[in-house]
Amino acid sequence: MNWKILGGGGLVIASLVVVLASGFGKNPQGVSDVMVGREAPDFSLVDLDGQSVSLSSLRGAPAVLNFWSTWCQPCKIEHPHLQKAASVYGGRGVRFLGVLYQDEPDAARRMVKKEGGAFPTLIDPGQRTAIDFGVTGVPETFILDREGRIVQKITGPLSYDQASAILEGLL
Amino acid sequence: MSALLLVLALLVGSASAEEAATAAPQGLAEPPALAPPPPEEVGPRAAEIARIVRCPVCQGLSVEDSHADAAVAMKQRITELVALGYDEAQITGYFVDRYGEWVRLKPPATGINWIIWLSPVALAAVGAGVILSRRRSEPAAAPSTLAAAAPAADDAYRRRILEELDEGKERR
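Summary of the structure given here. (Residues numbered from 1 in each chain as written. Chains lettered and ligands numbered in written order. Predicted model: local features only at pLDDT ≥ 70, side-chain atom pairs only at ≥ 80, totals over all residues.)

**Structural notes on the overall build of chain B**
As a reminder, the rule being used: To qualify as a helix, a DSSP run of H or I must reach at least 4 residues; to qualify as a strand, a run of E must reach at least 2; elements of each kind are numbered from the N terminus. With C-beta atoms placed from the backbone, a residue is buried if 20 or more other C-beta atoms are within 10 Å of its own, exposed if 12 or fewer are, and partly exposed between those counts.
Scanning chain B from terminus to terminus reveals six helices and zero strands. The secondary structure elements of chain B, listed N-terminal to C-terminal, are α-α-α-α-α-α. Sorting the 172 residues of chain B into buried and exposed places 19% on the buried side.

The structure is reproduced here in structure tokens:
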């Protein structure tokens, strides 16, 4: 038996195992979790009704910032859950905001009219705000505390129960 | 007169730098490292940087190579930042700040990333070492094994063929 070849092969395999093991230990969808724990980037955008909204104006209350689009099926699943959460927690001081992602405002207006719009949806020209938040797809939801710090980021549809559990902890 | 022009130029210069700093997105609080480039240089510089930034909705494609809306928006942002005078390190830093190290298509040669950079060289060196050690262990002028083995292996057949030929002759 050639011990040199065996040792070299073993070294290569051991290196691969270490690299793969560290990779498998990470959530591949969690690529932009770097934003959690940081102050949310400020923005000033116009909503579907033409009203200007800035993030800094929401300071002092927990906020839910949801990036969505009309062409996204999971967003449609999530929509009634967010509507319910906004109606329950909106009255308790939580601010809800939607941000339109890669979509036409008219399409969003039609959907909001049909499915209900318990909170304003903002138009994000050039996806500046989406990039500032490190958004990689929709739906993605950022939960902000009273100081405007991102305390949680949810990739994929957010359920009412999930939102409720997070918001109860912030109130 | 020239002193007045100089003062005016300095004031305009400081005002535009201030404007650039205030127009900078979050996370890019520091001023641009470079002076705003001439318009004809913005496109090529932006393309160069877009080639090393990963498209977040694609499989292994750069922002430059992808036509996805997200990649187009990121390329647009890179172009804006280049036009303001931000350099490659500042712009890639801006995206890393939001998307993590993952957004770099070319990982920097620091920390654990050295494994990625050095492993191909190390593997090539190991391979070369194996080949060299095998060559050295081979006998210098070993005769062709085929040629050496041929007579011995053929002996039995030869003998039999010759015998059969002899038998044939006798029959005739």
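**What about the interface of chain B and chain A?**
Stated formally: What counts as a contact here is a pair of residues whose C-beta atoms, placed from the backbone, lie within 7 Å. The nonpolar class holds Ala, Val, Leu, Ile, Met, Phe, Trp, Tyr, Cys and Pro. Asp, Glu, Lys and Arg form the charged class, and all remaining residues, Gly among them, are polar.
Taken together, the contacts link 19 residues of chain B with 21 residues of chain A. With six residues, the top contributor of residues to the side of chain B that touches chain A is helix α5 (residues 113-137) of chain B. Across the side of chain B that touches chain A, the residue classes tally to 11 nonpolar, five polar and three charged.

**Brief notes about helix α4 (residues 88-99) of chain B**
To be explicit about the condition: Each helix should span, by expectation, one fewer than its residue count multiplied by 1.5 Å.
Taking 1.5 Å of rise per residue, the 12 residues of α4 of chain B would be expected to cover 16 Å, and the 16 Å separating its terminal C-alpha atoms lies within 8% of that figure. Within α4 of chain B, the full set of buried residues consists of Gln 90, Ile 91, Thr 92, Tyr 94, Phe 95, Arg 98 and Tyr 99 of chain B. Buried residues along α4 of chain B sit against α4 (128-132) of chain A together with α2 (39-50) and α3 (69-84) of chain B. Downstream of α4 of chain B by a residue or two, Gly 100 of chain B has a phi angle that is positive, lying close to 90°.

**Structural notes on the pairing of strand β1 (residues 44-47) of chain A**
Residue and element names in this part refer to chain A. Cut-off, in case you're wondering: Strands were regarded as paired on the criterion that DSSP finds at least two bridges between them.
In this structure, β1 lies alongside strand β2 (residues 52-54), joined through three bridges in antiparallel fashion. Paired with Leu 45 across the two strands is Val 53, which belongs to β2. Taking the residues between adjacent antiparallel strands as the criterion, β1 and β2 are bridged by four residues, where Gly 50 takes a positive phi near 85°. Relative to strand β5 (residues 121-123), β1 runs antiparallel, the two being bridged by two bridges.

**Considerations on the nonpolar core**
Spelled out, the test is: Linking buried Ala, Val, Leu, Ile, Met, Phe, Trp, Tyr and Cys residues through C-beta atoms within 7 Å yields a set, and such a set is a nonpolar core.
The biggest cluster of nonpolar side chains holds 55 residues, and the ones touching the most others in it are Val 99 and Tyr 101 of chain A together with Val 53, Met 74 and Ile 78 of chain B. Listed by contribution, the elements that provide at least two residues to this core are β3 (63-68), α2 (73-89), β4 (95-100), α4 and β6 (140-144) of chain A together with α2, α3 and α4 of chain B. Residues within four places of Tyr 101 of chain A in sequence aside, it is in contact with Phe 67, Trp 68, Ser 69, Asp 124, Gln 127, Ala 130, Val 135 and Val 138 of chain A.

**With respect to the pairing of β4 of chain A**
Residues and elements named next belong to chain A. Spelled out, the test is: We call a crossover right-handed when, viewed with both strands directed away from the observer, the connection leading from the first strand over the helix to the second proceeds clockwise.
Among the six residues of β4, six are classified as buried, and the element is accordingly described as predominantly covered. Burial of β4 is two-sided: the residues Arg 95, Leu 97 and Val 99 facing one way and the residues Phe 96, Gly 98 and Leu 100 facing the other way are all buried. For β3 and β4, the ladder comprises six bridges, and the chain directions are parallel. The partner of Val 64 across the bridge, within β4, is Phe 96. For the crossover that starts at β3, traverses α2 and ends in the parallel β4, the hand is right-handed. Pairing analysis gives two bridges linking β4 to β5, with the strands arranged parallel. Along β5, the bridge assignment pairs Gly 98 with Thr 121.

**Some remarks on the packing of α2 of chain B against α3 of chain B**
Residues and elements named next belong to chain B. Keep this limit in mind: Angular values range over 0 to 180 degrees, each being the angle between N-to-C directions of two axes fitted as lines to C-alpha atoms, with helices fitted over their stretch in contact. Any angle that is under 35 degrees is reported as roughly parallel, and any over 145 degrees as roughly antiparallel; angles of 65 to 115 degrees are reported as roughly perpendicular and all others as oblique. Crossings are classed by handedness, with left-handed meaning an anticlockwise turn of the near helix from the far one by less than a right angle and right-handed meaning a clockwise turn.
Their axes nearest at 9 Å, the elements α2 and α3 cross at an angle of 125°. On the basis of the axis angle, α2 is oblique to α3. Here α2 runs over α3; the crossing is right-handed. Two secondary-structure elements touch here, α2 through Val 42, Arg 45, Ala 46, Ile 49 and Ala 50 and α3 through Lys 75, Ile 78, Thr 79, Val 82 and Ala 83. For the contact of α2 with α3, the class distribution of residues is seven nonpolar, one polar and two charged.

**Quick word on the environment of Val 46 of chain A**
Residue and element names in this part refer to chain A. Summarising the element assignment, Val 46 is placed in strand β1. Considered as a pair, Val 46 and Thr 121 are 75 residues apart in the sequence and their alpha carbons are 8.5 Å apart. Excluding anything up to four places from it in sequence, Val 46 contacts Gln 51, Ser 52, Leu 122 and Ile 123.

**Section: the environment of Asp 49 of chain A**
Residues and elements named next belong to chain A. Mapped onto the fold, Asp 49 is located in the loop between β1 and β2. On the neighbour-count criterion, Asp 49 (10 C-beta atoms within 10 Å) is exposed. In the structure, Asp 49 is positioned 74 residues away from Ile 123 in sequence and 9.9 Å away in space, judged by C-alpha atoms.

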